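Structural overview for review
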Amino acid sequence: TRKESSAASDVYKRQVWHSHADTDETFIVVSGRLRIELRDGHIDLGPGDMTVIPKGVEHKPCAQEEAHLMLVEPCGVVNTGDEGGARSAPNDVWI
C-alpha cells in the first residue's frame, strides 16, 4: 500500500520541465485553468478536470492566472522531479 499525500498549489508562472522516474502524478483542478505542456502537445484543464501524467513523462505545468489544484503523489516526491532548482518546494507540505 502506498501512502499518498496531497498538496494544494497556486500556479502563476511556468514551472520547469521535469519528470518523475518512479511515480505517476495526478493533477486535479479546483479552480482556474491549468495547462500541462508535454513534449508532444499539451493538456488544458479547468475546474473539476483531472489528468494523470505517467511516470517518466516530461511535463511542465503552467497557468496564465491563479489556479488552485491538488497534486496527488506518494510522500517524498519532489514537485520539480529530477530537475530540482528554485521552484522546488519543501517536501510533503501545502504549497
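What you see is a predicted model; the values in this text were computed from it and never measured.

**A short note on the overall build of the protein**
- Counting its regular elements, the protein contains zero helices and seven strands.
- Listed N to C, the secondary structure of the protein is β-β-β-β-β-β-β in terms of helices and strands.
- Counting every position in the protein, which comprises 95 residues, the buried fraction comes to 37%.
- Sequence-distant contacts in the protein: of pairs separated by 6 or more residues, those separated by 24 or more amount to 69%.
- For the protein, the computed accessible surface area is about 5600 Å², with 51% contributed by carbon and sulfur atoms.

**A short note on the pattern of salt bridges**
- As enumerated under the stated definition, the model contains three salt bridges in all.
- Linking Glu 37 and Lys 60 is a salt bridge whose minimum nitrogen-to-oxygen distance equals 3.6 Å. Pair noted here: Glu 37 is in strand E3 (residues 34-38) and Lys 60 is in strand E6 (residues 59-62), with a separation of 23 residues, a long-range link. Of the two residues examined, Glu 37 and Lys 60, each falls in the buried class.

**Considerations on the packing of aromatic side chains**
- As enumerated under the stated definition, the model contains zero aromatic pairs in all.
- Sitting over the ring of Trp 17, Arg 39 keeps its end group 3.8 Å from the ring centre.

**Considerations on the environment of Asp 49**
- Along the chain, the position of Asp 49 falls in the loop between strand E4 (41-45) and strand E5 (50-53).
- Separated by 18 residues in sequence, Asp 49 and Ser 31 have C-alpha atoms that sit 9.5 Å apart.
- If we ignore the near neighbours within four places in the chain, the residues touching Asp 49 are Phe 27, Ile 28, Val 29 and Asp 44.

**So, the sheet that holds E3**
- Across the sheet, three strands lie side by side as E4-E3-E6; this open sheet has antiparallel pairing. Looking at which strands have only one partner, the edges of the open sheet turn out to be E4 and E6. Geometrically, the sheet is characterised by an average inter-axis angle of 20 degrees between neighbouring strands, direction not taken into account.
- Bridge analysis of E3 against E4 gives five bridges, and the strand direction is antiparallel.

**Observations regarding the nonpolar core**
- Counting residues in hydrophobic clusters, the biggest one holds nine residues: Phe 27, Val 29, Leu 34, Ile 36, Leu 38, Leu 45, Ile 53, Leu 69 and Leu 71.
- The leading source of residues in this core is E3, at three residues.

**Digging into the pairing of strand E2 (residues 25-31)**
- Two strands pair when backbone bridges link them, and E2 and E5 are joined in this way by four bridges, in the antiparallel orientation. When the bridges of E5 are listed, Phe 27 appears paired with Thr 51.
- Across five bridges, the pairing between E2 and strand E7 (residues 68-74) is antiparallel. When the bridges of E7 are listed, Ile 28 appears paired with Met 70.

About the thresholds
Residues numbered from 1 in each chain as written. Predicted model: local features only at pLDDT ≥ 70, side-chain atom pairs only at ≥ 80, totals over all residues. Heavy atoms only, no water. Helix = DSSP H or I, 4+ residues; strand = E, 2+ residues; numbered from the N terminus. Buried < 20%, exposed > 50% of the residue type's maximum accessible area, 1.4 Å probe, protein only. Contact = heavy atoms within 4.5 Å. Areas by Shrake-Rupley, 256 points an atom, 1.4 Å probe, with all protein chains shown as cover. Salt bridge = Lys/Arg side-chain N within 4 Å of Asp/Glu carboxyl O. Phe/Tyr/Trp six-rings, centres within 6.5 Å; stacked < 30°, edge-to-face > 60°. Lys NZ or Arg CZ within 6 Å of the ring centre and 35° of its normal. Pairing = 2+ DSSP bridges. Axes fitted to C-alpha atoms, helices over the stretch in contact; angles between N-to-C directions. Core = buried A, V, L, I, M, F, W, Y, C linked by side-chain atoms within 4.5 Å.

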